[in-house]
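So you can see what is in the structure, the chains are spelled out below.
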Amino acid sequence: MPSSSAPDRWSLESWFSGFGAADYLDFKAALVRDVEVLRAKAEVLADDCPAIVAVIVELEAFSDRLGHLSAYLGCLTADDANDEAVKADEAWISTLDAESVKLSATLQSALASLSDDAFETVVADPALENATHAVRRMREAGQKQMSAELESLAADLNVDGLHAWGRLYDTLTGKMEFEMTFPDGHQETVPMSRRRALMSEPDRRLREAAFHAGQKPWNDHAVTLSAALNGIAGTRLSLYGRRGIPHFLDTPLFDGAMSRDSLEAMLDAIQTHIELPRRAIRAAAKLQGTPALHYFDLEAPQISPPDEKELTWDEACATVDHAFSAAYPKLGAYFREMLAQRWIEAQPRAGKRPGAFCTGSQLKHEERVYMTFHKTVHDMVTLAHEVGHAWHSCVLRPARSFAANYPMTLAETASNFGEMILLNGLMSDSGITPATKAHLLDQEMLRAHAYLINIPMRYEFEKAFYTERAAGEVPVSRMSELMTEAQRKLYGDTLLPDGTDPMFWAYKMHFYITGVSFYNFPYVFGYLLSQALFARFQAEGASFLPRYEAFLSMTGSATCEEVVKRSLGEDLTDPAFWGTALKALEPSLVAYEDIVRGR
Ligand SMILES: [Zn+2]
């Protein structure tokens with residue numbers, strides 16, 4: 001029904017007048033021209049400090065333009081996944097991306113080969129004001145490279161080596177299907193991509209059937225998948241050795257701009273307080289009437305959303321606005337501006353890609369949020385999450401680009417903060433029914449044990465696997481053993497005696513992402529840090545918000561430890577900090593346990 005409640009369509013016209021329009025084509029042509037010019041300059045840098053500074057500044061401006069066009073194309077493909085002309089330009093821009101990566105590598109090695117004195121002259125240049133952190137990281141990255149010739153060989157070989165293993169995983173699993181007998185007795189061939197949704201169904205018989213039937217392809221292909229995972233880890237370990245990187249965690253930690261000490265402190269605190277998330281699982285098991293959970297129960301809601309009337313887009317926006325404005329007026333005003341400027345895409349339409357994201361242009365200083373609104377509370381929470389991300393970019397607008405790129409570890413703090421403001425507003429809203437509140441608490445508990453048990457479990461597995469892989473190929477049986485051990489270590493007795501999933505190493509796509517390694521602990525970090533920030537906000541009220549904004553504005557120009565120390569005065573290497581963040585879960589946990597007792 002077309003009414004004022006139809007979810008918003010976004011506008012991208014302030015970025016380009018249209019795909020294929022004259023301004024768009026000119027912009028493309030200029031990028032191609034300028035990458036050549038910049039490459040020529042980068043190749044003759046040697047130890048010419050003023051020339052290095054000039055290339056850094058030019059690369060920054062070039063990256064803004066490349067990012068602008070990339071974000072535009074990303075928006076268009078998400079909006080219409082079948083537009084072939086847009087797809088062709090996306091493929092084209094990925095080659096330009098590769099060029100800019102090579103350019104950065106050339107610059108990084110130039111910085112790495114400078115003497116300490118010469119390098120200090122470079123960073124002291126007024127043209128690089130506030131870019132010191134980024135430039136130091138470039139030099140550090142350069143110091144961890146092989147010679148330019150070997151790096152270039154590695155990049156070429158990785159296309160058919162490292163990344164080919166990842167593509168093999170995608171190809172193999174993309175076609176996977178399994179035969180499943182549904183609880184009503186009918187049989188169906190189900191694509192593997194549906195398995196996770198089936199395992200999130202409230203009907204336990206459905207989850208159980210999907211889990212057991214869905215194990216077959218993973219067992220059938222275990223040898224191939226283990227070869228892929230061994231190949232990925234083996235390639236990385238060889239490259240680390242050649243680059244003089246002593247430990248396999250060094251690169252993911254560098255990417256996350258955090259120290260090993262902080263990681264250890266966080267993991268220690270999780271082990272110390274592991275009973276908190278385990279209590280959430282025990283309560284869920286009690287609701288389900290089983291002594292513990294099976295692996296296939298972990299993502300299932302134990303308290304389903306009540307059958308209330310559908311939420312309209314206008315109601316969802318009004319609720320988010322109300323929660324934001326009451327707790328954080330600037331965030332509320334920003335959200336209203338996003339709506340007024342048509343920066344949010346939410347309309348359900350055929351051809352749209354599923355999922356949600358926030359993107360933006362450093363060139364236009366504008367953000368965009370992409371999602372599809374299906375009239376559920378869950379979608380409203382997604383809206384608050386993505387607007388939280390957008391607000392982070394908005395706070396960083398005054399910063400130069402080389403001071404505005406934050407690591408994955410710090411990326412999810414603002415989004416979780418936005419989400420928590422909404423959820424907290426809902427929980428204290430008298431208009432919300434007890435049934436909805438119980439459902440929201442159940443969701444919060446699902447998230448808590450996913451972040452505090454499941455993701456740390458993936459880290460434990462990966463760490464054990466990389467340690468053994470250094471001595472040679474790890475066979476299938478050992479992979480499954482390591483996986484089972486990691487699950488027992490984190491879940492303890494909250495998983496039934498036969499409730500582990502030994503094949504999770506084969507199933508979980510994150511292990512096969514070749515662009516990032518250890519795609520797990522940064523999530524835990526972001527989750528816990530946002531819990532800590534929100535707990536501080538609740539304790540201190542509005543006077544905390546300027547410090548929150550100081551935190552956001554520093555995220556692209558310092559390490560995680562420095563950002564948190566300077567903005568919050570906290571020490572990330574101290575397990576006590578993480579312990580406090582974990583304990584922030586307790587009030588919701590107790591409320592959840594009360595509900596469980598009352599049922
Ligand atoms: Zn997010």
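Going along each chain's sequence as written, the residues are numbered from 1 onward. Given that this is a predicted model, residues contribute local features only at a pLDDT of at least 70 and side-chain atom pairs are listed and counted only at 80 or more, while totals for whole chains, interfaces and linings are drawn from all residues.

A.B. asks: If you had to explain the pairing of strand β5 (residues 366–370) to someone new, which residues and values would you point to?
C.D. replies: Most of β5 sits inside the fold, with 5 of its 5 residues counted as buried. Covered by surrounding structure in β5 are E366, R368 and Y370 together with E367 and V369, the residues of both alternating faces. Inspection of the sheet shows strand β3 (residues 344–345) paired to β5 by 2 bridges, in the parallel sense. Along β5, the bridge assignment pairs E345 with Y370. One ladder, built from 5 bridges, connects strand β4 (residues 357–361) with β5; its direction is antiparallel. Following the sheet pairing, C358 is matched in β5 by V369. In this scheme the burial state of a residue depends on its C-beta neighbours within 10 Å: 20 or more other such atoms mean buried, 12 or fewer mean exposed, and anything in between means partly exposed; the C-beta positions come from the backbone. Segments assigned H or I by DSSP are reported as helices when at least four residues long, segments assigned E as strands when at least two residues long, and all are numbered from the N terminus. One bridge is not enough; two strands pair if DSSP finds at least two bridges between them.

A.B. asks: Mind laying out unusual backbone geometry, listing which residues take part and the relevant values?
C.D. replies: Within the chain, R342 stands out as a residue other than glycine whose phi angle is a positive 60 degrees. With a phi angle near 65 degrees, K375 is a residue other than glycine that sits in the positive phi range. Inspection of the secondary structure assignment puts K375 in the loop between β5 and α16 (377–395).

A.B. asks: Go over the environment of F461 with me, naming the residues and quoting the values.
C.D. replies: Position of F461 relative to the elements: it lies in helix α18 (residues 434–469). Here F461 falls in the buried class, since 24 other C-beta atoms lie within 10 Å of it. For the pair formed by F461 and T173, sequence separation is 288 residues and the distance between their alpha carbons is 21 Å. Excluding residues within four positions of it along the chain, F461 makes contact with L482, M483, A486 and W505. This entry defines residue contacts through backbone-placed C-beta atoms, with two residues in contact when those atoms are within 7 Å.

A.B. asks: For the domain arrangement of the chain, give the residues involved together with the corresponding values.
C.D. replies: The split into domains, and so the bounds of each, comes from an automatic or database assignment of domains. Segmenting the chain into domains produces domain 1 (22–143), domain 2 (252–306 + 433–599) and domain 3 (313–426). Using only C-alpha atoms to locate each centre, domain 1 and domain 3 end up separated by 27 Å. Broken down by element, the residue count for the side of domain 1 that touches domain 3 peaks at 11 residues, all from helix α2 (residues 49–79). Throughout this entry, Asp, Glu, Lys and Arg are counted as charged residues, while Ala, Val, Leu, Ile, Met, Phe, Trp, Tyr, Cys and Pro are counted as nonpolar. The remaining residues, Gly among them, count as polar. Counted by class, the side of domain 1 that touches domain 3 contains 6 nonpolar, 6 polar and 5 charged residues.

A.B. asks: An account of the nonpolar core is needed here, citing residue identities and associated values.
C.D. replies: Formed by 153 residues in total, the largest nonpolar core has its most connected members in L107, M266, V320, V369, W505, V524 and L528. Ranked by residues supplied to this core, first place goes to α18 with 14 residues. If sequence neighbours within four positions are ignored, V524 has contacts with M266, Y451, I455 and P456. Judged by nonpolar contacts, the second largest core, of 7 residues, contains L12, F16, L69 and Y72. Note on terminology: a nonpolar core is a set of buried residues of type Ala, Val, Leu, Ile, Met, Phe, Trp, Tyr or Cys, with members joined through C-beta atoms within 7 Å.

A.B. asks: Help me get a handle on the environment of F577, residues and values and all.
C.D. replies: As for its placement among the helices and strands, F577 is situated in helix α24 (residues 575–583). Using a count of 21 C-beta atoms within 10 Å as the deciding quantity, one classes F577 as buried. Separated by 45 residues in the primary sequence, F577 and A532 place their C-alpha atoms 8.2 Å from one another. Apart from residues lying up to four places away in sequence, F577 is in contact with E570, D571 and L572.

A.B. asks: I'd love a proper account of the sheet that holds β3, names of residues and values included.
C.D. replies: Read from one edge of the open sheet, 3 strands run β3-β5-β4, paired in mixed fashion. Looking at which strands have only one partner, the edges of the open sheet turn out to be β3 and β4. Helix-sheet contacts for α2 involve β3, β4 and β5, and the interaxial angle to β4 is about 145 degrees. Lines fitted to C-alpha atoms define the axes, with helix axes restricted to the stretch in contact, and inter-axis angles between N-to-C directions lie between 0 and 180 degrees.

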